[in-house]
Amino acid sequence: MERLLQEPSVSVLLESTPRSVVVAAAREAVARARKGRGGVPENWGAEIAERAKRMARRSLRPVLNATGVVLHTNLGRAPLAASALDAVAAVASGYSALEFDLEAGTRGQRTDHGRRLLAELTGAEDALAVNNAASALILALNTVAEGLEVVVSRGELVEIGGSFRIPDILRKSGARLREVGTTNRTHLDDYIRALGPATGAILKVHQSNFVQSGFVHAPHAVDLARLAHDHRVPLVHDVGSGLLSDLSSFGLNSEPRVADAVADGADLVVFSGDKLLGGPQTGCLVGSAALLGRCRANPLARASRADKMTLAALEATLELYRDPAVALREIPVLRMLTLSAGELEQRARALAAAIAAACPAAPPPRLAAGHSVTGGGSFPGADLPTTLVVLDPGPRGADALALTLRLGDVPVVARVEDRMVVLDPRTLPVHAFPDVAAAVAAACAE
Ligand SMILES: *Cc1c(COP(=O)(O)O)cnc(C)c1O
């Protein structure tokens, strides 16, 4: 090993790469050569340099999302607005008034950040932001119904993905599940029959990631709220995606708006910060001041508290909603969802032209009509027409080309459809088109 590290082609690596990384890469290369399958490398320097480069890479790296899935949970859900990024940098690069009352010069409340804005934008009395919606729901149910029954429709015992299932969350909160109705139809009478002295709350959950049609029925939230209040128990409404804007003029109207859930009478409304709200990963709770006071005092609120970077990004994102037009323009998720067909076609043309110019030897990309997806369990049935850029992978096949694109210096995550690699410009920032073209060119050159 010492001799290997002294080889000029290897020792030169030590000028730019930490010794520990070069040593680990050299060990890997030697182990591989001993196994004998690839034989002894002709050029140890190149072999070790390649391995060292891979080892020195961060695992959490930015990627270019060419899938057209706007809220891609595996790719980090919502990209943040510019002002949210500025707020994070400002708060995280120094000290902040995280838990400090500047007027009094004494301890303040972390839970106050974003509180007024959340209440103002949703019409609720009070608000609280914690780590994510899953923890917000556990906190809400534990606060109002620990040791008691929570009445839920069988049609709403849903799995959101990533091991989030309503029955499991509910049990972990210390409440008992009282299922009512059937998968497709639940009536107010079903709820009425289940209510009793052991009831702690009624829970309504938005069917985020699927659509039921045909012979289906569920009582309206207004009627559930009235019923809950007649029985002196709260209605907890998990609306999922945290839609604050009115997107109905863009044909997107199947998601509940948070303000509507509040107006319909829910005592606690739960939603995510990084889905349609377009902010950082958080779980927001809005609703009755009395119940939110109890939530804030619950030790689980401490266990699921949000960090300062999150709170800074949330507050800055919420500020943009004070003017609905600003929100649509500045919040990337809303901007991507509301791109017009004409704009998408224009972008697809520009992307295809950049790729064609970058790899002149390959057949130029085709354009094709296609569909984007909202993702993140929102607007599951929504039709989001787009123009796709279609790459013919040639003899190596689409999966191999898609893999090469993912493993490049700037990873590009594309879709494979009908044995072609397709790129959806909806989720690609225009300023990243040259990077996408370079990645395709590098893949073509291989
Ligand atoms: C996404 C979702 C959740 C979970 O939200 P996280 O912020 O990912 O924890 C909970 N409930 C519903 C209805 C959802 O759609």
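This section reports on the structure supplied with the text. (Residues numbered from 1 in each chain as written. Predicted model: local features only at pLDDT ≥ 70, side-chain atom pairs only at ≥ 80, totals over all residues. Heavy atoms only, no water.)

**Comments concerning the environment of Ala56**
Thinking step 1. Relative to the assigned elements, Ala56 resides in helix H4 (residues 44-56).
Thinking step 2. Considering only alpha carbons, one finds Ala56 and Gly45, 11 residues apart in sequence, at a separation of 16 Å. (Helix = DSSP H or I, 4+ residues; strand = E, 2+ residues; numbered from the N terminus.)

**Here's the deal with the nonpolar core**
In a soluble, globular protein the nonpolar side chains are often hidden away together inside.
Thinking step 1. Ranked by internal contacts, the top residues of the largest apolar core, which has 53 residues, are Ile202, Val269, Phe271 and Val286.
Thinking step 2. Formed jointly, this core draws a minimum of three residues from each of two domains, domain 2 (64-74 + 336-445) and domain 3 (82-330).
Thinking step 3. Non-local contacts of Ile202, meaning those with residues more than four positions away in its chain, are made with Val151, Tyr191, Leu195, Leu224, Leu227, Ala228, Pro234, Leu235 and Val236.
Thinking step 4. Grouped together as the second largest cluster of nonpolar side chains are 29 residues, Val152, Val205, Leu285 and Leu292 included. (Core = buried A, V, L, I, M, F, W, Y, C linked by side-chain atoms within 4.5 Å. Buried < 20%, exposed > 50% of the residue type's maximum accessible area, 1.4 Å probe, protein only. Domains from an automatic or database assignment. Contact = heavy atoms within 4.5 Å.)

**So, the environment of Val222**
Thinking step 1. Within the secondary structure layout, Val222 lies in helix H10 (residues 221-230).
Thinking step 2. With relative accessibility at 28%, the residue Val222 sits in the partly exposed group.
Thinking step 3. In this structure the C-alpha to C-alpha distance between Val222 and Thr73, which are 149 residues apart in sequence, comes to 31 Å.

**Overview of the site of the ligand**
Thinking step 1. Around the ligand, the neighbouring residues are Arg77, Asn132, Ala133, Ala134, Ile160, Phe164, His206, Ser208, Asp238, Gly240, Ser272 and Lys275.
Thinking step 2. Within the backbone of Ala134, one N or O atom sits 2.8 Å away from an oxygen atom of the ligand.
Thinking step 3. Within the side chain of Asp238, a nitrogen or oxygen atom sits 2.6 Å from a nitrogen atom of the ligand.
Thinking step 4. Relative to its free-state accessible area of 380 Å², the ligand is covered by the protein chains to the extent of 94%.
Thinking step 5. Elements represented by at least two residues in the shell around the ligand include exactly helix H7 (133-145) and strand S9 (235-240).
Thinking step 6. In the shell around the ligand, the residues fall into four nonpolar, five polar and three charged. (Near = heavy atom within 4 Å. Polar contact = N/O pair within 3.5 Å; in protein donor to acceptor, adjacent residues only side chain to side chain. Areas by Shrake-Rupley, 256 points an atom, 1.4 Å probe, with all protein chains shown as cover. Nonpolar A, V, L, I, M, F, W, Y, C, P; charged D, E, K, R; others polar.)

**Remarks on the packing of helix H18 (residues 398-406) against helix H19 (residues 433-445)**
Thinking step 1. Viewed as axis vectors pointing N to C, H18 and H19 meet at an angle of 125 degrees, and their least axial separation amounts to 9 Å. As far as their axial angle goes, H19 and H18 are oblique. Relative to H19, the crossing made by H18 is right-handed. Counting all contacts with H18, which are made through Leu401, Thr404 and Leu405, the residues of H19 involved are Ala439, Val440 and Ala443. (Axes fitted to C-alpha atoms, helices over the stretch in contact; angles between N-to-C directions. Parallel < 35°, antiparallel > 145°, perpendicular 65-115°, else oblique. Left-handed = near helix turned anticlockwise from the far one by under 90°.)

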